[in-house]
Structure formats: structure tokens, C-alpha cells
Amino acid sequence: MQEAKLAHNQEQYERAFDLYSQTINVLLQITGAINSDVAACIAKMANIQYKLGDYLQAIELQSKSLIIQEKLHGYDSPTVAYGYSNLGLYYHTCQYFSKGFEYMHKSLKILQVVCGDNHPDISAIYLNLGLMYQDVDNYNAAIDCYMDSLYRNIALYGNNHI
């Protein structure tokens, strides 16, 4: 798995995809399908497909990863929330906007429950939502999300944080 991560970080996406796939095959023989490393590898493969422009494959892989993560951690887990956030971005990129917003809001709700309303990742979700709303020309909602993100960051890091 480390070799796959290295290839991924070096933007050797095809090689990384193959190495993650090989890792999954080994893990399936040792641990079975319901394993956090299997889910992580599938999510990494989804990210690679996204970067390579195969957004539908990214959605399919991310959905599979989420099924495993939910079985392992339940629905109220930060890992599951981040998975929904990625899935929301993948759907949005495919212009399935309602699905994108649905999953991004689901991620937000999970993180608020699990991590608390003042967690830094909440601010990042609002920023992503702002970008998504701006992309569909809903500028008022985008501004609301940007302002929410800004005020949260000020509260977390202070006025002078860059």
C-alpha cells in the first residue's frame, strides 16, 4: 500500500491505480472485504479516477468505499462524512448537482454531530458548498456559505491568521 501511496503522490496515477488494485486483491484474501484498508484503497482509486477525468468511475468506486466504511464505522463517523464530501464533489463535477448538494449537506450534518459545530472541517465544507452554489449561479447561497466559512475560520484562528 505504501508503494501505491508513493506513486499516487508522484502523480503516477495509472501505476498507483494498479498497485491499489493489487493491494485490495491481497487484502481480500487475508481480511475479507469489510476492512478499513480495503475501503481506503477503493477511495484512493476513486480519487485517481477523478483526477484522470473518469468521474462516473470515481462515483462508483467512492460509493463502494462508503458502503464498507458505513459497515465498519456506522453512519456517524468522520471517515464516512469525508467520504460523502468526496462523493458530493464527484457528483457535482458530473453536473448531477442535486446529488452533489445532497451528499455535501449529509457530510456537513455528520461532521456537526460527530465533531461539533466548531470543527475546522465544517468551515471547509461550507467553503466547498459556496463554490458549488457559485458554480450553479446561486450567488446568495454561495455568499452565505463563504461568510459562514470565513466567520468560523476567524473564530478558530483569529483575525490575523492568513
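Residues numbered from 1 in each chain as written. Predicted model: local features only at pLDDT ≥ 70, side-chain atom pairs only at ≥ 80, totals over all residues. Heavy atoms only, no water.

### Overview of the pattern of salt bridges
At step 1: Summed over all chains, the structure comprises five salt bridges.
At step 2: Residues K64 and E60 are paired through a salt bridge, measuring 3.5 Å at the closest nitrogen-oxygen approach. One end of the pair, K64, and the other, E60, are both in helix α4 (residues 55-73), four residues apart, so they sit about a helical turn from each other.
At step 3: We note a salt bridge from K99 to E102, for which the minimum N-O separation is 3.8 Å. In this pair, K99 and E102 both sit in helix α6 (residues 97-115), three residues apart, roughly one turn of the helix.
At step 4: For E102, a relative accessible area of 42% corresponds to the partly exposed category.
At step 5: The structure contains a network of salt bridges with shared partners spanning D117, D148 and R152. (Salt bridge = Lys/Arg side-chain N within 4 Å of Asp/Glu carboxyl O. Helix = DSSP H or I, 4+ residues; strand = E, 2+ residues; numbered from the N terminus. Buried < 20%, exposed > 50% of the residue type's maximum accessible area, 1.4 Å probe, protein only.)

### Topic: unusual backbone geometry
Working note: non-glycine residues mostly have negative phi, and peptide bonds are mostly trans.
At step 1: The residue E11 is not glycine, and still its phi comes out positive at about 60°.
At step 2: Looking at the element boundaries, E11 is found in the loop between α1 (2-9) and α2 (13-30).
At step 3: One non-glycine residue, D137, adopts positive backbone phi at about 65°.
At step 4: Within the element layout of this structure, D137 appears in the loop between α7 (120-135) and α8 (139-157).

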